[in-house]
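What the coordinates show
So you can see what is in the structure, the chains are spelled out below.
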Amino acid sequence: MTAPLPHEPTALLRSLALGLAVLLFSACASGGATRAAATDTPAFPDPARASVKEGMFVDLDNLRLFARGMSKRQLYALLGTPHFNEGMWGVREWNYLFNFRSSPNGDYFTCQFQVHFDDKGIAQAGYWKPQACAALLQPPAPAPAPTPMPAEPVRLAADALFGFDSAALTPAGRQSVDALLQQVRSASQVQTIQVAGYTDRIGPDAYNRALSQRRADAVREALVQGGVPATAIVAEGRGSTQPLAQCGPLAKPALIACLAPNRRVEVSGVARAR
C-alpha cells in the first residue's frame, strides 16, 4: 500500500472549508430573499397611533387620480397630510385613514390606505386595508341611456285598467301603468306627457266625457306617484270621440265586446322643440 502524501490532509481541509463557505453564502442569500419577499406584504400601523384618529373624508375623484410615479408633493396636494405624522423627506411610506359613507347622510366606515415610495420620493404602489376598500376606486356605472317614447301613443285597455263603470285602477291596471314608468321617466326628449281617456259610445256623451276624464286623471296620478313630475303631465277626457272600432247594431253584450278597443287610455309624449 502506498503511503499518503504529506500535503493531502491540507488539501482535504481546504476542500471542506470551501464547501462550508459556499453553504453559508447560500444560506445568507436565501435568507435575504425571504426578507425581501416579506416586505411585499405591507404592515399597516395601528389606527390608534394616527394623528387623526377619527379619520378624514376624502374626495373619491381625487383618490382615483392616485397613480404610480406621482411625487410626494403631488400626493400632498391630492390627499393632504399623512395621518401618522410621517414627514416629507427620507420617508418611504405614507399612511392615511379615510372615511366613506355607505349611503348619503348615513353611517360611514373607515379604510387604511398606504403609499410606498422609492428612495427618490416617487410613489411605487398603494395598498388598502381591508383590501375590499380598493373597489371604491372603481368608477361609477354609467347611467342607462334614455329610452325614447314611441312615436305612436301607448294604448292601455280601459277594461284591463278599471272595473266596470269605475275610474279606480285595479291592481292589474296599476301594474300596467308601472310598466310604463321607466320609459316615461327617462324620456329626456319629451316636453310633455299627454294622457287621454276614451269611452265607448254607450251612454250619454256628458257622462262618458266625465268618466274618461276621471280615468285619465287616475293614470296621471299613478305616473306622478311613480316619480314623473306632475307639471309634465296633461290629462284629458275625450269621451267617445276618435273610436278605433266601428260596430253595427248588435245585442248589448255583443256590442259591449265589439266596442272594447274604444274604451282605452292613451299615453304619448310631445317632443321638445328643436
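Residues numbered from 1 in each chain as written. Predicted model: local features only at pLDDT ≥ 70, side-chain atom pairs only at ≥ 80, totals over all residues. Heavy atoms only, no water.

With respect to the overall build of the chain
- The helix and strand inventory of the chain stands at 7 helices and 8 strands.
- Residue pairs at least 24 apart in sequence account for 63% of intrachain contacts in the chain once pairs closer than 6 positions are excluded.
- Roughly 17,000 Å² of accessible area belongs to the chain as shown, and the carbon and sulfur atoms make up 60% of that amount. (Helix = DSSP H or I, 4+ residues; strand = E, 2+ residues; numbered from the N terminus. Contact = heavy atoms within 4.5 Å. Areas by Shrake-Rupley, 256 points an atom, 1.4 Å probe, with all protein chains shown as cover.)

Focus on the pattern of salt bridges
- Per the counting criterion, the structure on display carries 6 salt bridges.
- Arg155 serves as the salt-bridge partner of Glu266, at 2.7 Å between the closest nitrogen and oxygen. One end of the pair, Glu266, is in strand 8 (residues 264-271); the other, Arg155, is in strand 5 (residues 154-157), and 111 residues separate them in sequence.
- For Glu266, a relative accessible area of 9% corresponds to the buried category.
- Taking relative accessible area as the criterion, Arg155 reaches 46% and is therefore assigned partly exposed.
- In this structure, Arg264 and Glu266 form a salt bridge, with 2.8 Å as the shortest nitrogen-oxygen distance. Per residue, the accessibility class of Arg264 equals that of Glu266, and both read buried.
- One connected set of salt bridges, linked through shared partners, spans Arg155, Arg264 and Glu266. (Salt bridge = Lys/Arg side-chain N within 4 Å of Asp/Glu carboxyl O. Buried < 20%, exposed > 50% of the residue type's maximum accessible area, 1.4 Å probe, protein only.)

Some points on the nonpolar core
- Among the nonpolar cores identified, the biggest contains 21 residues, and Leu161, Phe162, Leu169, Val177, Val195, Val219 and Leu223 are the most heavily contacted of them.
- At the level of secondary structure, the elements contributing two or more residues to this core comprise strand 5, helix 4 (158-161), helix 5 (171-185), strand 6 (190-198), helix 6 (205-225) and strand 8.
- In this structure, Val58, Trp94, Cys111 and Phe113 belong to the second largest nonpolar core, which totals 18 residues. (Core = buried A, V, L, I, M, F, W, Y, C linked by side-chain atoms within 4.5 Å.)

A short note on the packing of helix 5 against helix 6
- Two numbers describe how helix 5 lies on helix 6: the axes approach to 10 Å, and their chain directions differ by 50°. Classified by the interaxial angle, the pair formed by helix 5 and helix 6 is oblique. Once helix 5 is placed against helix 6, the crossing between them reads as right-handed. The segment helix 5 lies against helix 6, with Arg174, Val177 and Leu181 engaging Val219, Ala222, Leu223 and Gln225.
- When its residues are assigned to classes, the contact of helix 5 with helix 6 shows 5 nonpolar, 1 polar and 1 charged. (Axes fitted to C-alpha atoms, helices over the stretch in contact; angles between N-to-C directions. Parallel < 35°, antiparallel > 145°, perpendicular 65-115°, else oblique. Left-handed = near helix turned anticlockwise from the far one by under 90°. Nonpolar A, V, L, I, M, F, W, Y, C, P; charged D, E, K, R; others polar.)

Some points on the pairing of strand 4 (residues 123-129)
- As paired elements, strand 3 (residues 108-117) and strand 4 share 6 bridges and run antiparallel to each other. Looking across to strand 4, one finds that Phe117 is bridged to Ala123.
- Following strand 3, the chain reverses through 5 residues before pairing antiparallel with strand 4; Gly121 in that reversal takes a positive phi of roughly 80°. (Pairing = 2+ DSSP bridges.)

Looking at the state of the cysteines
- If you walk through the whole model with that rule in mind, you get 2 disulfides.
- Through a disulfide, Cys111 is tied to Cys133; the S-S separation comes to 2.0 Å. Residues Cys111 and Cys133 are joined through a disulfide that is left-handed, its torsion about the S-S bond being -75°. Taken together, the residues Cys111 in strand 3 and Cys133 in the loop between strand 4 and strand 5 connect sequence positions 22 residues apart.
- A residue is classified by how much of its surface remains accessible, and Cys111, at 0% relative accessible area, is buried.
- Judged by relative accessible area, Cys133 falls into the buried class, the value being 6%.
- Once the disulfide-bonded cysteines of the chain are ranked by sequence position, their pairing pattern turns out to be 1-2, 3-4. (Disulfide = S-S within 2.5 Å.)

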